[in-house]
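One letter stands for each residue in the lines below.
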Amino acid sequence: MKSSETAKHPNMGSAPLRPHSEQSKDRTSKRLSSESNGTSEGGVGSSTPVEVTALEESFRRFAIHGDTRATGKDLHGKNWSKLCKDCGVIDGKSITLTDVDIVFSKVKKKSSRTITFDEFKVALGELARKKYKEKTGEEAEAEVFKLIEGKAPIIAGVTRAVASPTVSRLTDTTKFTGSHKERFDTTGRGKGKAGRVDIVDTSGYVSGYKHQGSYEKKVTKPTVGKPM
């Protein structure tokens, strides 16, 4: 019986089976190794510097800004201009909006309306050499990268209150007359129901009597017993 079982399974004694947990650890380590050594495009064998990772993250944030269908892999012209403006690449002197548009058209493919991350870095290099003429090409690119790394689109459209003489005059309760005047106290605070409905005064005092409530205090005042 032993010889027949051995014949059916000739490889059973040649290599011992490894525990499932060790196999999972090997797969995890291989995946992390490939991710750490690969580029953002899926290449293997070249490490991704920290500054490029931060730059690509900012690229992705601007790429998906205002577009729920965007994947973050390419950037269209409108958000490219916004990125350059929000991150301070455009200074109105050495770099203008026109310069940004020209560079975008230069680096993108003719049939495309967007640029990839690699084309994005080429475009930044073009602007960097124009913006920092006194620096070398690599130094200029590094300076531009610093302006963009970690940045996100600035959300505009927050409504701010604007002081208006007309509005101020219409909301000044001290100038109200008639029934509207009765709805606010001297500080301009609304009286609530008391300013809208005639409430019957059942206190027994004449309306407007300034010592109202003083009698009750005197009556209810505790008497101090005299020492015997």
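Model, not experiment: these values are computed from the prediction.

**Observations regarding the overall build of the chain**
Within the chain one finds 10 helices and 2 strands. N-terminal to C-terminal, the α/β element order of the chain is α-α-α-β-α-α-β-α-α-α-α-α. Taken across its 228 residues, the chain has 18% of its residues classed as buried. Counted over contacts in the chain with a minimum sequence separation of 6, partners at least 24 positions apart contribute 46%. Carbon and sulfur atoms make up 55% of the accessible area of the chain, which totals about 17,800 Å².

**Observations concerning the packing of helix α6 (residues 117–131) against helix α7 (residues 137–148)**
Between α6 and α7, the shortest axis-to-axis distance is 8 Å and the interhelical angle comes to 110°. Considering their axes alone, α6 and α7 lie roughly perpendicular with respect to each other. Between α6 and α7 the crossing geometry is right-handed. The segment α6 lies against α7, with F120, L124, G125, A128, R129 and K131 engaging G137, A140, E141, V144, F145, L147 and I148.

**Thoughts on helix α4 (residues 77–86)**
Three or more residues of α4 are buried, namely N79, W80, S81, K82, L83 and C84. Once α4 finishes, G88 follows within two positions and takes phi at roughly 85°, a positive value.

**Quick look at the packing of aromatic side chains**
One pass over the structure, following the stated rule, counts 5 aromatic pairs. Both rings, one in F59 and one in F117, keep their centres 5.4 Å apart while their planes meet at 70°; by these two values the pair is edge-to-face. Here F59, found in helix α3 (residues 50–63), pairs with F117, found in helix α6; they are 58 residues apart in sequence, far enough to count as distant. This pair shows no difference in class: F59 is buried, exactly as F117 is. Members of the aromatic cluster, each reached through a chain of ring pairs, are F59, W80, F104, F117 and F120.

**Concerning the environment of E126**
By the element assignment, E126 lies in helix α6. Residue class for E126 comes out partly exposed when judged on its relative accessible area of 26%. In sequence terms E126 and V100 are 26 residues apart; their C-alpha atoms lie 9.5 Å from each other.

**A closer look at the pattern of salt bridges**
Applying the stated criterion across every chain yields a total of 9 salt bridges. Across the pair R60 and E57 runs a salt bridge, and its minimum N-O distance is 2.9 Å. Within this pair, R60 and its partner E57 are both found in helix α3, separated by 3 residues, close to a single helical turn. We classify R60 as partly exposed; its relative accessible area is 33%. On the accessibility criterion, E57 (29% relative accessible area) is partly exposed. Measuring nitrogen to oxygen at the nearest pair gives 3.0 Å for the salt bridge that ties K109 to E119. With K109 in the loop between α5 (97–107) and β2 (114–116) and E119 in helix α6, the pair connects residues that are 10 residues apart, well separated along the chain.

**A look at the nonpolar core**
If you look at the biggest cluster of nonpolar residues, it comprises 27 residues, and the most contacted ones within it are L75, W80, F120, L124, L127 and I148. Every element with two or more residues in this core is listed here: α3, α4, α5, α6 and α7. For this core, the element with the most residues is α6, which contributes 6 residues. In this structure F120 touches L55, F59, L75, W80, L83, I115 and I148, once residues within four positions along its chain are discounted.

**Description of the confidence of the model for the chain**
Interpretation of this model should avoid reading the predicted coordinates in detail wherever pLDDT is low. Summary statistics for the chain give a mean pLDDT of 75 and a share of 57% for residues scoring 70 or more. Of all helices and strands in the chain, the one with the weakest mean pLDDT is helix α2 (residues 20–37) (47), whereas α4 scores best (96). A low-confidence stretch, residues 28–52 stays under pLDDT 50, and its non-local contacts, those more than four residues away or across chains, total 20 contacts.

Conventions and cut-offs
- Residues numbered from 1 in each chain as written.
- Predicted model: local features only at pLDDT ≥ 70, side-chain atom pairs only at ≥ 80, totals over all residues.
- Heavy atoms only, no water.
- Helix = DSSP H or I, 4+ residues; strand = E, 2+ residues; numbered from the N terminus.
- Buried < 20%, exposed > 50% of the residue type's maximum accessible area, 1.4 Å probe, protein only.
- Contact = heavy atoms within 4.5 Å.
- Areas by Shrake-Rupley, 256 points an atom, 1.4 Å probe, with all protein chains shown as cover.
- Axes fitted to C-alpha atoms, helices over the stretch in contact; angles between N-to-C directions.
- Parallel < 35°, antiparallel > 145°, perpendicular 65-115°, else oblique.
- Left-handed = near helix turned anticlockwise from the far one by under 90°.
- Phe/Tyr/Trp six-rings, centres within 6.5 Å; stacked < 30°, edge-to-face > 60°.
- Salt bridge = Lys/Arg side-chain N within 4 Å of Asp/Glu carboxyl O.
- Core = buried A, V, L, I, M, F, W, Y, C linked by side-chain atoms within 4.5 Å.
- pLDDT = per-residue confidence, 0-100.

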